[in-house]
Structure formats: C-alpha cells, structure tokens
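Coordinate analysis (summary)
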Amino acid sequence: MNSDERRFIFQDLRTVEGYIDPPDALVFKSLLQAQTASALGGGMADIGVFYGRSYFLLQRFAAEGEKVLGIDLFELDPPADGSLDQYRRFLDNGQRLGQPVDEDLIIRGDSTRLNASDITERVGPVRFFSIDGGHHLHHVMADARLAMEAIADHGIIVFDDTFNPAWPEVTVGMADFLRTHGHNLVCFCMTKYKTYVCHREFHAHYEHVIANAPDLRTLHHAETQFLGSKIARLHNPMRRRVMYELMVRSGLGNFSERIYRSGVKDSTEDIVTM
C-alpha cells in the first residue's frame, strides 16, 4: 500500500461521517485491486450512501473509466447548526477529497423500487455492489435481489450490519437470500460488520485473495462454515482497535495507520470481531 492509499484510508475517510472502519476499508481495497489485476472489471454500486464514506472508497479504487453509482433517499434532516443537508454535504465531501461526484450517477430515491436495468444502463454489469440501505427485512431482500440481477459473473455483493443485534432483520434477510440462491451465490468472507458474497464459481478465487492480500495479513484469519460454504472470518485484535482509537482521539491520526502494519499479535482474549 503506497502513501497516498494509506493517507486516504486512514486519514481522509475519517473526515467523512460514516461507518466503514479501516479493516473493512482494507478488505474493499484488497478485493477491488485484485479484481483490477485479474481484468475483472465493471461498474460499482452503493446503496445507502449516507455522507459518502463507502462511495468514495469505491470511487478511489475504481479503474480508469469505471463508474460508481450511488443510491440513497438523501432525506436526513439538516443539522440544527444550519450546516449543509445530507445531499449537499455528500457533494461537498467529494469536492474536499478531490473526488467530485458525477450527479448523473446518483439516484435520489428508494432502492426497492429499482430494476437491475436502472443500474446496468448507467454503469454496466457491476463488479462490486455494497448494500447498506434500509435495514428491515423487505429492504434487505429487495436490495439483495437487485444486486444479484445487476452483478457480473465475477461480481461481489457486500451486506452491511450482518449479525448486528441492533438490526436482526438484516441477518435474517441475508441468510434467507443465500439459502434461496445458494446454488449460485455463496459467502466467502465475514468481518464483524460485513458479509461478502460472490457467485459459487468465483468462491475459490476470492478466498485466495483474502488469504493472501498483504494489507490483511495483520488481521486474524479463522476458517469457518456458513450455509455450506467455507469462509474466512477476519478478526481485528482488541489491542489494535484500542490503540488505533486512542491515537486518533489524541490527535495522532497521521500515525494511526502504523497500527495496521505493526503485526500486533492477539491473545485468546483479544480474538474479538472488528
């Protein structure tokens, strides 16, 4: 990982309000760059843009000429301090990061009312589809079907907030979707916050990527089973999480990325999820 990539993941993304943390950002980066290296191109899609943290991550690691589509209701109320509303703050974040948003590739609406053609006509078959929209069962099932119909053969679907007790219907929806389509789609990786899915014929390929990605080596890799497929369960040691947060909150954010290159080993009690 070069210095520009480190700065983007560990510093720039922290300035965008959102929920994707460094370990998952590194998983995104590793998968996207592996796809590019293997000429597995295509568009990208992000349901649930919020203020753009995952959107700008996809945009940053898209190959030349690839398009990123963002989908969100953008209906959050403006802050009480009178600052920009959600959509304007999203656009402002893009300008500030040097990644201006192509507004022709933003759908301000309900993702559950879209068809796959609404996506593929804008960005082509999707190679990476992030789902972080509505967290009730009907939202998850509709977004999962949309992603399944829009992804390329080598496409990846990422479900956010799986196994989060605050949003139990996300877990139910994701599991029901995979049970229904398990002949075709399987999980290959899990973190604390996200579940990564691909077509069955690409399972071994992405399993190999996760196992060998240089940026993921300091995470603990545990093999497990989920709905009949072998997956990599990635853990972030507690000591690293605490050290990272302390450095960021102490104004040492410029050095915080070193925590993820340090090779900190986890003890039995440290093996907790990211």
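Right above here is the structure, for reference.
Residues numbered from 1 in each chain as written. Predicted model: local features only at pLDDT ≥ 70, side-chain atom pairs only at ≥ 80, totals over all residues. Heavy atoms only, no water.

**As for the packing of helix H1 (residues 3-12) against helix H2 (residues 22-37)**
Convention followed: The convention used is that axes are lines fitted to C-alpha atoms, helices contributing only their stretch in contact, and that angles between N-to-C directions extend from 0 to 180 degrees. Labels follow the DSSP assignment, with helices taken as runs of H or I lasting at least four residues and strands as runs of E lasting at least two, numbered in each case from the N terminus. Should an angle fall under 35 degrees it is taken as roughly parallel, and over 145 as roughly antiparallel, whereas 65 to 115 is taken as roughly perpendicular and any remaining angle as oblique. What makes a crossing left-handed is the near helix being turned counterclockwise from the far one by less than a right angle; a clockwise turn instead makes it right-handed. Two residues qualify as a contact provided that any one of their heavy atoms is within 4.5 Å of a heavy atom in the partner residue. All residues other than Ala, Val, Leu, Ile, Met, Phe, Trp, Tyr, Cys, Pro, Asp, Glu, Lys and Arg, Gly among them, are scored as polar; the first ten of these are nonpolar and the last four charged.
The contact between H1 and H2 brings their axes to 10 Å, and the two run at 140°. Accordingly, the angle class assigned to the pair H1 and H2 is oblique. H2 is crossed by H1, and the crossing has right-handed handedness. Facing Glu5, Ile9 and Phe10 of H1, the residues of H2 in contact are Pro22, Ala25, Leu26, Lys29 and Gln33. Residue composition of the contact of H1 with H2, grouped by class: five nonpolar, one polar and two charged.

**Topic: the pattern of salt bridges**
Note that side chains of opposite charge can pair when their charged atoms are close. This is how it is decided: Each reported salt bridge corresponds to a side-chain nitrogen of Lys or Arg within 4 Å of a carboxyl oxygen of Asp or Glu. Note on classification: 1.4 Å probe, protein chains only; a residue is buried when its accessible area is under 20% of the maximum for its type, exposed when over 50%, partly exposed between these limits.
The full count for this structure, using the stated rule, is nine salt bridges. The partner of Arg7 in a salt bridge is Asp4, with the nearest N and O atoms 2.9 Å apart. A residue pair is termed a helical-turn pair when its members lie 3 or 4 positions apart in one helix, as Arg7 and Asp4 do in helix H1 at three residues. When its relative accessible area of 44% is taken as the criterion, Asp4 is described as partly exposed. The partner of Glu207 in a salt bridge is Lys230, and the shortest N-O contact between them spans 3.2 Å. With Glu207 in helix H8 (residues 203-212) and Lys230 in strand E9 (residues 229-235), the pair connects residues that are 23 residues apart, well separated along the chain. Linked through salt bridges whose partners overlap, the residues forming this network are Glu5, Lys29 and Asp215.

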